[in-house]
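Descriptive analysis of the structure
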Amino acid sequence: MPLTPAVNTAHKKLLMPISKSNCSLNWFLFLALLLWQLPTSAQWHISVKGHYPEGSSALPNSAVFLDNKGIGLTDLNGQFHLVDAQKGQWLKVSFAGFYSDSAQLGEEKSVVFVLSPLTINEITIVESADAIRLSKKAAGLVYEISPKELRRAACCNLSESFENNPSIDVAFADAVTGTRTIEMLGLSGKYMQTQIELIPFLRGIQIRRGWAYIPGPWVDGLQLSKGIGSVSNGHESISGQLNIELRKPQGEKGNHLNFYVNQTGRLEANYTTAYAVTENWSSSTSLHLSTNPIAIDRNEDGFFDMPEGHLASLMHRWKFQGNSGWEGQFGFRIVDDYQLAGQTPLDNSTYWKMERQSRGGNGFFKLGRIFNEHPNNSLGIIGDFHYQEQDAQFGSRNLDAVQNGGSLQLLFDHLSTQSSNSWKAGLNVQYDNYLQIFNDFNANYQGVQQEFTPGIFAEYNWVPSEKWNVLAGIRTDFHNLFGTRISPRLHLKYNPTENTSLRLSSGSGFRSSLPWLENLELLASSRLFDPNSSLGFFERRLNAEQAWNHGFSVEQNFKLNYRPATIVVDYYFTHFGNRQITDMDEASNIFRFTNLNGRSESHSAMAQLDFEIKRRMSMRLAYKFTDARSQYSSGYLADPYISRHRGFIAWFYETRSAWGFDLSAQWVGPKRLPVNATGERNNQSPSFALFNGQIKKTFKEKWEWYLGAENLLGFVQDQPVLNAENPFSPDFDATVVWGPIMGRIVFLGLNVKF
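Keep in mind that what you see is a predicted model, and the values were worked out from it rather than measured.

A separate point is the overall build of the chain. If you tally the helices and strands in the chain, you get 4 helices and 47 strands. Of all intrachain contacts in the chain linking residues separated by at least 6 positions in sequence, the fraction that spans at least 24 positions is 64%. For the chain, the accessible surface area stands at approximately 30300 Å², while carbon and sulfur atoms represent 58% of it.

Listed below in structure tokens is the structure:
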């Protein structure tokens, strides 16, 4: 699907006109020189390529301009033959999703362009072999995470891929399911809009467990934006956006295998392949299989620390590249997920157990066209159809759910031929149908909810000079339950010097709350649902969550001991007009879901320094401060399980002999805990530190072995399951989790290309 092209300079090949020389008064030489200087038509061979993580690749159907006038498209090999042109004229090329480039025609008859890819709309971190550097090309603040960066993380799926990214906090949701949660800017991951190549992802049933459904070896890159996102990507972005780029049919050809095993018995295998079928068609397949065959109780509290189970997922897709400006893609993804945990042994029918089964999948398509007669215009269509079901048992409680729906987006892009400005406009439709059946001890609830949201949007990118970049957009959504919602958004970037960038952003977003699916871990306790509060999906529906997010950042590039370094300082403020509050502070034996009745705000500030110590050796230092508070039944309190202070340090080194060493450490400050069984309030967890390390060795660029360990010092939370010996008593609670549940975990892995 074509993305918005923007004008910038990447790799330039400037071809200068021939300089004049003095001539004699001899009439013959004068005539020869005169003929030499007359304008002549010639033919140039143009080649357009795109820069990908695995190397450069041809960009078919790239738009070609001569003196800002569209003259055609490149062929399937990214080639274009230019005739009837003159030396001194300016040639420009553009391709959807990449920065445009230009050059002046001269003596050299072969012109090669290598275009750099766009990100969502913000800061791009581009990784090289020597360092990590920041690009100044975009308007907001986005981190682009390469596959090389992902391989520095300890393991294995998307939720475990942020170990070296201080912008995101990862924690366990409870002491039973092993589910990891994501937080950014002091807010839950549900406020970060997540997409797979601009297709909606992590919605509804998948919102908690879905992070595990994307294996790391499938990922070709991530674009993580902080703050409000682009209006073209939807209305649900509040704290940020995450776009996941998977391995593509048109990407690096061949086969990739990954194997992983750790000391707890976890086994994983991943396979990805991409191949050309014909000149116009290519295809790719990705397969994941994992299992936890052994349930382990390291702390001997009578509950398994991690569940048994298996996870299988398959993705297959096709890519078509036409000769008339059309390109397309379609495919499907399916997943089967099973978990079993609880008291030991699991074969005792009278013991407390957690059993969860989830199956589903989606089919999708993308169509895009660059118009031959107007190559500065492009049209894109994205469609998705999804289905997911879940059966979950937590002791005496059950939550069964079914979700089906789809989305459709139509996007039109226009790149100005007279300037660096561009605009886009479009419409999208989102439909979801939910069925939930909840058995809470002696109470039974059942509800059906249908959500239908058509929306329209427009966005303008104004680039008056190399110093300024303004991205302004607005969208209007017509929700069948929450009425008409208008979401304006603005990103502004200013470069006062070549090495300094200032960014501002502001905008609003909204989302529909799914309290039961978003708080599934609460069922791993004996807390009673308060029937007097608002029953999302059942008796009374909760209102839409709506918030404004404002951000500011400063980026400075400089030299540290003659080596490149970058420091970024950012601050974000989020305030909610309405929010779904999960209140666990009124009493230790109940929880309730309510609309916000008062204030809910989050202040987040972070400073991050990336620098190169010496060639192939770099470090990353970061500190983050978060103050997130909301109005609860017992007062205006800090949000639970959010650390106010965090510190981070990472060290990376690669030798000339293809050895790699990664070491990271993070310090996590105290977190506020909900009211406990004795009625104590404002309890705090202790601070703690976590260390991860990894060693890897690459052989002939085909084989890579890696050995590492998570939580090197073996720190674990004391008593993660409260009253574990009496799980059917009123004081049982496995949800008060503020730190690691497992101790040190040693792992071994292998990556193979063939």
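Now, onward.
So, on to the side chain of Glu183. Tracing the backbone shows Glu183 in strand β14 (residues 180-184). Buried and unpaired, Glu183 has Arg646 as its nearest opposite-charge partner, separated by 5.1 Å. Other than its neighbours up to four places away in sequence, Glu183 contacts Ser167, Ile168, Asp169, Ser188, Gly189, Tyr641 and Ile642.

A word on unusual backbone geometry. One can expect most non-glycine residues to show negative phi and most peptide bonds to be in trans. Cis geometry is adopted by the peptide bond preceding Pro345, which originates at Thr344 and carries an omega value of -5 degrees. Turning to its location among the elements, Pro345 is positioned in the loop between β24 (326-342) and β25 (353-370). A positive phi angle, near 50 degrees, is found at Glu197, a position not held by glycine. Its place among the elements puts Glu197 in the loop between β16 (192-196) and β17 (199-201).

Along the chain, Leu713 turns up in the loop between β46 (703-710) and β47 (745-753). Distance from Leu713 to Arg744, taken between C-alpha atoms, is 6.6 Å for residues 31 residues apart in sequence. Not counting residues up to four positions away in its chain, the partners in contact with Leu713 are Phe691 and Arg744.

Confidence in the prediction of the chain, expressed as mean pLDDT, is 85, and 88% of residues score 70 or more. Here residues 1-41 is modelled with pLDDT under 50, and outside its nearest four sequence neighbours on either side it reaches 86 contacts, counting other chains as well. Note on residues 119-133: pLDDT under 50 across the span, and 66 contacts to partners over four residues away in sequence or across chains.

This part is about the sheet that holds strand β18 (residues 219-226). The mixed open sheet is built from 5 strands, whose spatial order is β12-β18-β19-β16-β17. With partners counted over all chains shown, the strands left at the sheet margins are β12 (142-145) and β17, one partner each. Along the sheet, successive strands turn relative to each other by an average axial angle of 25 degrees, direction set aside. In the sheet, β16 pairs with strand β19 (residues 240-246) via 5 bridges, with the strands oriented parallel. Its bridge partner lying in β19, Gln195 is registered against Asn243.

Further remarks concern the packing of aromatic side chains. A complete count under the given rule lists 22 aromatic pairs for this structure. Centre to centre, the rings of Phe303 and Phe732 are 5.6 Å apart; their planes meet at 25 degrees, and the pair counts as stacked. Taken together, the positions of Phe303 in the loop between β22 (281-292) and β23 (308-321) and Phe732 in the loop between β46 and β47 put the pair 429 residues apart, joining distant regions of the chain. Like Phe732, Phe303 is buried. By the ring-pair criterion, three or more aromatic residues cluster together here, those being Phe438, Tyr445, Trp516, Phe591 and Phe593. Seen from the ring of Phe65, Lys92 lies directly overhead, with NZ or CZ sitting 5.3 Å from the centre.

Another point: a nonpolar patch on the surface. Residues Val261, Leu267, Phe699, Trp703, Trp705, Leu707, Val746 and Leu748 make up a contiguous nonpolar surface patch of roughly 700 Å² in combined accessible area. Only β46 and β47 provide two or more residues apiece to the nonpolar patch. With 3 residues, β46 is the single largest residue contributor to the nonpolar patch.

Overall, the coordinates contain 37 salt bridges when judged by the stated rule. The salt bridge involving Lys248 is made with Glu197; its shortest N-O contact spans 3.5 Å. Taken together, the residues Lys248 in the loop between β19 and β20 (254-262) and Glu197 in the loop between β16 and β17 connect sequence positions 51 residues apart. The exposure class of Lys248 is buried, given its relative accessible area of 17%. On the basis of relative accessibility, which here comes to 5%, the residue Glu197 falls in the buried class. The partner of Asp336 in a salt bridge is Arg359, with the nearest N and O atoms 2.7 Å apart. One end of the pair, Asp336, is in strand β24; the other, Arg359, is in strand β25, with 23 residues separating them in the sequence. Overall, the relative accessible area of 19% leaves Asp336 in the buried class. On the accessibility criterion, Arg359 (40% relative accessible area) is partly exposed. If you follow the salt bridges from partner to partner, you end up with Glu160, Glu163, Arg180, Arg266, Glu268 and Glu710 in one network.

Turning to the sheet that holds strand β15 (residues 187-188), a few remarks are in order. Spatially, 3 strands are ordered β13-β14-β15 in an open sheet, and the strand pairing comes out antiparallel. Lying at the two open borders of the sheet, with one neighbouring strand each, are β13 (168-172) and β15. One ladder, built from 5 bridges, connects β13 with β14; its direction is antiparallel. From the neighbouring strand, Phe172 faces β14, where its bridge partner is Arg180.

So, on to the nonpolar core. If you look at the biggest cluster of nonpolar residues, it comprises 33 residues, and the most contacted ones within it are Trp352 and Phe394. Residue assignment for this core shows that the elements contributing at least two residues are β26 (377-394), β27 (397-415), β28 (422-440), α4 (515-518) and β37 (590-595). Once you skip the residues sitting within four places of it in the chain, Trp352 turns out to touch Val176, Phe303, Gly342, Gln343, Phe394, Gly395, Leu523, Ala524, Pro727, Phe728 and Phe732.

Take the pairing of β47 next. Examined bridge by bridge, β20 and β47 share 7 bridges and lie antiparallel to one another. Each residue of the ladder has a partner; that of Val261, found in β47, is Leu748. Two elements, β46 and β47, share 8 bridges in a ladder whose sense is antiparallel. Opposite Glu704, over in β47, you have Asn751 as the bridge partner.

The subject of this paragraph is the side chain of Gln403. Along the chain, Gln403 falls in strand β27. Within polar-contact distance, the side chain of Gln403 engages the backbone nitrogen of Ile205 at 3.0 Å.

Let's shift gears to the environment of Glu279. Residue placement: Glu279 occurs in the loop between β21 (267-276) and β22. Remark: the alpha-carbon pair of Glu279 and Gln321, spanning 42 residues in sequence, is separated by 8.4 Å.

Note that Asn165 resides in the loop between α2 (147-150) and β13. Take Asn165: its relative accessible area is 9%, and that puts it in the buried class. Residues Asn165 and Ala650, spaced 485 residues apart in sequence, show a C-alpha to C-alpha distance of 9.5 Å. Contacts of Asn165, omitting those with residues within four sequence positions, involve Ile145, Leu224 and Phe648. At a separation of 3.0 Å, a polar atom in the side chain of Asn165 contacts the main-chain amide nitrogen of Ser167.

The rules behind these values
- Residues numbered from 1 in each chain as written.
- Predicted model: local features only at pLDDT ≥ 70, side-chain atom pairs only at ≥ 80, totals over all residues.
- Heavy atoms only, no water.
- Helix = DSSP H or I, 4+ residues; strand = E, 2+ residues; numbered from the N terminus.
- Contact = heavy atoms within 4.5 Å.
- Areas by Shrake-Rupley, 256 points an atom, 1.4 Å probe, with all protein chains shown as cover.
- Buried < 20%, exposed > 50% of the residue type's maximum accessible area, 1.4 Å probe, protein only.
- Lys, Arg positive; Asp, Glu negative; His and termini not counted.
- Salt bridge = Lys/Arg side-chain N within 4 Å of Asp/Glu carboxyl O.
- pLDDT = per-residue confidence, 0-100.
- Pairing = 2+ DSSP bridges.
- Axes fitted to C-alpha atoms, helices over the stretch in contact; angles between N-to-C directions.
- Phe/Tyr/Trp six-rings, centres within 6.5 Å; stacked < 30°, edge-to-face > 60°.
- Lys NZ or Arg CZ within 6 Å of the ring centre and 35° of its normal.
- Patch = residues over 30% accessible without salt bridge, like charges linked within 9 Å, V, L, I, M, F, W, Y side chains within 5 Å.
- Core = buried A, V, L, I, M, F, W, Y, C linked by side-chain atoms within 4.5 Å.
- Polar contact = N/O pair within 3.5 Å; in protein donor to acceptor, adjacent residues only side chain to side chain.

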